[in-house]
Amino acid sequence: MERMKAAVCTRYGPPEVFKIVERGVPVPKDDEVLIKIFAASVTNSDIFIRSSDVPLRLRIPMRIMMGITRPRNDILGEVLSGEIVKVGPGIKRFHVGDQVFGLTGFSLGAYADYKCMKEAASRKGCIALKPSNISHGDATSAAYGGLLAFQFLEEGHIQPREKVLIYGASGTSGTIAVQYAKHLGAEVTGVCSAEKIDLVRSLGADKILDYNDRDSISRLEAYDFVLDSVGKARTSELKKACKALMTGKHKFVSIDDGPLILSYDRLVHIRELVEAGIIKPITDRCFPLEQIIEAHRYVERGHKSGNVAIIVN
Ligand SMILES: NC(=O)c1ccc[n+]([C@@H]2O[C@H](COP(=O)([O-])OP(=O)(O)OC[C@H]3O[C@@H](n4cnc5c(N)ncnc54)[C@H](OP(=O)(O)O)[C@@H]3O)[C@@H](O)[C@H]2O)c1
């Protein structure tokens, strides 16, 4: 049996629970492709699964679902970019040699050299041809940030010249949300900390508010649509004030309002806009797979700009 390297989560806990081990290379079923992974990503979801840091009342149901002492799928990683090296006989859409990017959904498994995936999107993942003009690391940012930002921004049915505020404009989804909202013709206000203002301006935001600056609250306007792209766990006085302003037909949507849809069509749309130079995914840092512990420690601090990629091959 061919062997591969993988970072496994040996138990729930701090980043140090990861161990690099050897496993057998998975064999694709008739309706699967085998992907050689070049890059993965460290997301908040990976950290959530690894740490199992949930309120006590949720811990037992979560562990029944995910695994009692460690995740049942012990190779974490829900974002990948790589190349198809084998295809099952039932595969129609992809060929050996295709470069693909996407999410692994509930099946996880991106912190490894290889991963089998179905070609049709499901809760176990979705893949599409990768944008040809960016690296595999950047492609993980485009896949994860793009799917989140596009899905939740599309709920706003944004029209040209509408006022849109992106809260958390410096994260993986926020950096893409600013660019996509501009593409849709909106006047975009990005909210970030003082350190990230230059980044958010470079993405095309028309106005920027610092969420740590109390004066920013008085500069809030009436927005047609607000996307909270950092999620419900992170807040500020500015976010609370902004939410309070959103009444009537104005819509405040959190990126945590409903599950992320793993959509092939949306990945294709993301690829088209990346290849057209309209969306530029942002990568903060890349770590080799062997430094998965350092990568998790870094992301866990909560201050990355855009995405953190894991270079696997
Ligand atoms: N609906 C779903 O199924 C689903 C699936 C996956 C993820 N999510 C949600 O999506 C969220 C966003 O993920 P992401 O990876 O795009 O974000 P992220 O990259 O982790 O966001 C990091 C950015 O947030 C900024 N930040 C930190 N605290 C903040 C605060 N209180 N107010 C404003 N900005 C703050 C940080 O900048 P500074 O440190 O400079 O402030 C940093 O640049 C996740 O946390 C999760 O809640 C939802």
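Here the structure is a predicted model, which is why all the values come from computation and not from measurement.

Engineer: Could you give an account of the environment of Ser-254, with specific residues and numbers?
Structural biologist: Here Ser-254 is to be found in strand β12 (residues 251–254). On a C-alpha basis, the gap between Ser-254 and Tyr-167 in space is 9.3 Å, while along the polypeptide they are 87 residues apart. Among all residues touching Ser-254, those that are not within four sequence positions of it are Asp-228, Gly-231 and Lys-232.

Engineer: I'd like a rundown of the site of the ligand, residues and numbers included.
Structural biologist: What surrounds the ligand is a group of 30 residues, the closest being Ser-170, Gly-171, Ser-173, Ser-193 and Gly-231. Contributions of two or more residues to the shell around the ligand are made by α1 (44–51), α3 (136–154) and α4 (172–183). When residues in the shell around the ligand are grouped by element, the largest group, three residues, is from α4. Taken together, the residues that form the shell around the ligand break down as seven nonpolar, 18 polar and five charged. Structurally, the shell around the ligand is a two-domain feature, drawing no fewer than three residues from each of domain 1 (3–130 + 282–311) and domain 2 (145–254).

Engineer: Can you explain unusual backbone geometry? Please cite residues and give values.
Structural biologist: Residue Leu-108 is not a glycine yet carries a positive backbone phi of 50°. Following the sequence through the fold, Leu-108 ends up in the loop between β5 (99–103) and β6 (114–118). Overall, the presence of 25 C-beta atoms within 10 Å leaves Leu-108 in the buried class. One non-glycine residue, Arg-161, adopts positive backbone phi at about 70°. In this fold, Arg-161 is placed in the loop between α3 and β8 (163–167). On the basis of neighbour counts, which here come to 9 C-beta atoms within 10 Å, the residue Arg-161 falls in the exposed class.

Engineer: Describe α1, and please don't skip the residues or the numbers.
Structural biologist: Every buried residue of α1 is accounted for by Asp-46, Ile-49 and Arg-50. Mapping the buried residues of α1 onto a view down its axis gives an arc of 95°, with all of them on the same face. The secondary structure elements touched by the buried residues of α1 are β1 (3–9), α2 (56–66) and α9 (292–300). In the stretch just after α1, Ser-52 is the one whose phi turns positive, near 50°.

Reading guide: rules and limits
Residues numbered from 1 in each chain as written. Predicted model: local features only at pLDDT ≥ 70, side-chain atom pairs only at ≥ 80, totals over all residues. Helix = DSSP H or I, 4+ residues; strand = E, 2+ residues; numbered from the N terminus. Contact = placed C-beta atoms within 7 Å. Near = placed C-beta within 6 Å. Nonpolar A, V, L, I, M, F, W, Y, C, P; charged D, E, K, R; others polar. Domains from an automatic or database assignment. Buried ≥ 20, exposed ≤ 12 C-beta atoms within 10 Å, placed from the backbone. Arc of directions from axis to C-beta.

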